[in-house]
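Understanding the architecture of this molecule
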Amino acid sequence: MKSFAALTLAVILAPAALAQHQTFVVNPDASEVRMTLKTTHEVVNGTFHIQSGSIEFDRSNPKMSGTVTVLADSGKTGNDSRDKKMNKDILKVEQYTTVSFAPKTYTGTIAPSGDSTIQVSGVFTLLGNPHDLTIPMQLHRDGSKTTARAQFVIPYVQWGLKNPSFLIWKADNDVAMDLNLVGQVSN
């Protein structure tokens, strides 16, 4: 009878023991956001600086919380006048200093180590306006060190930003993003 009680208790408590509430803290200096905008005359590449990031998750529950924040005025494309116009006219950095993504849920399995592929759904905030977005993400865990990579497209014109086209220089209405987050996972 005692062994039956011990087995029953073990079965009931096993899911709680497997629950792994963890926090991924982003290292801003090792992480970056790259953007690519196609135009009629060139492909514009740029980078943005990640200000901060912390994401809480549980490998046994698809809920996530936290935020990854990017400094809006940190965008660099290699052309100072273009960057100035991007900051003033498109990103309106004097009014909106950050761009952020707040994950809410994920699908897929987060492995305790090695590689994983998940779909992260959350809210992408640009010019102060929230937009639902699902991002495919590749994770690599090596001990506590974790890298999260994602490639996705932002329909910036559809989301209310100004297209930088002028005269015969035409830009696409979407910008490709390449996210590389490096950080540590802790319990």
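The structure this text deals with has already been given above.
Residues numbered from 1 in each chain as written. Predicted model: local features only at pLDDT ≥ 70, side-chain atom pairs only at ≥ 80, totals over all residues. Heavy atoms only, no water.

1. Structural notes on the overall build of the chain
Helix and strand counts for the chain come out as 2 helices and 10 strands. Ordered by position in the sequence, the α and β elements of the chain form the string α-β-β-β-β-β-α-β-β-β-β-β. A buried classification covers 40% of the 187 residues belonging to the chain. Nonlocal contacts in the chain, meaning residues at least 24 apart in sequence, comprise 58% of its contacts between residues at least 6 apart. Counting only carbon and sulfur atoms, one obtains 56% of the accessible surface of the chain, whose full area is about 10,800 Å². (Helix = DSSP H or I, 4+ residues; strand = E, 2+ residues; numbered from the N terminus. Buried < 20%, exposed > 50% of the residue type's maximum accessible area, 1.4 Å probe, protein only. Contact = heavy atoms within 4.5 Å. Areas by Shrake-Rupley, 256 points an atom, 1.4 Å probe, with all protein chains shown as cover.)

2. Looking at the packing of aromatic side chains
Tallied over the entire structure, the rule returns 3 aromatic pairs. Note on Phe 124 and Trp 159: the rings are 5.7 Å apart at their centroids and 45° apart in plane angle, and the pair reads as tilted. A residue pair is termed long-range when its members are at least 10 positions apart, and Phe 124 in strand β7 (residues 114–126) and Trp 159 in the loop between β9 (145–154) and β10 (175–186) qualify at 35 residues. Take Phe 124 and Trp 159: they sit in the same class, and that class is buried. Taken together through their ring pairs, the aromatic side chains of Phe 124, Phe 152 and Trp 159 make up a single cluster. (Phe/Tyr/Trp six-rings, centres within 6.5 Å; stacked < 30°, edge-to-face > 60°.)

3. Considerations on the pattern of salt bridges
Under the criterion given, the structure shown has 3 salt bridges. Residues Arg 82 and Glu 42 are paired through a salt bridge, measuring 3.1 Å at the closest nitrogen-oxygen approach. Of this pair, Arg 82 sits in helix α2 (residues 80–90) while Glu 42 sits in the loop between β2 (32–38) and β3 (43–48), and the two are 40 residues apart along the sequence. With a shortest N-O distance of 3.8 Å, Asp 89 and Lys 85 are connected by a salt bridge. (Salt bridge = Lys/Arg side-chain N within 4 Å of Asp/Glu carboxyl O.)

4. Topic: a nonpolar patch on the surface
Judged by side-chain polarity, Phe 166, Leu 167 and Ile 168 come together as a nonpolar surface patch covering roughly 390 Å² of accessible area. Summarising the element assignment, Phe 166 is placed in the loop between β9 and β10. (Patch = residues over 30% accessible without salt bridge, like charges linked within 9 Å, V, L, I, M, F, W, Y side chains within 5 Å.)

5. Considerations on the side chain of Ser 31
Relative to the elements of secondary structure, Ser 31 occurs in the loop between β1 (21–26) and β2. Ser 31 sits in the buried class, given a relative accessible area of 7%. Within the local environment of Ser 31, its side chain forms a polar contact with the backbone oxygen of Asn 27, the two atoms lying 2.9 Å apart. Discounting residues that sit within four places of it in the chain, Ser 31 has contacts with Val 26, Ile 50, Asn 180, Leu 181 and Val 182. (Polar contact = N/O pair within 3.5 Å; in protein donor to acceptor, adjacent residues only side chain to side chain.)

6. Focus on the environment of Gly 75
Secondary-structure assignment places Gly 75 in the loop between β5 (61–71) and α2. Using a relative accessible area of 0% as the deciding quantity, one classes Gly 75 as buried.

7. A few points about the environment of Val 43
Note on placement: Val 43 falls in strand β3. Overall, Val 43 belongs to the partly exposed group, its relative accessible area being 46%. When the C-alpha positions of Val 43 and Ala 171 are compared, they lie 9.2 Å apart, and in sequence the two are 128 residues distant. Residues in contact with Val 43, not counting those within four places in the same chain, are Thr 36, Leu 37 and Lys 38.

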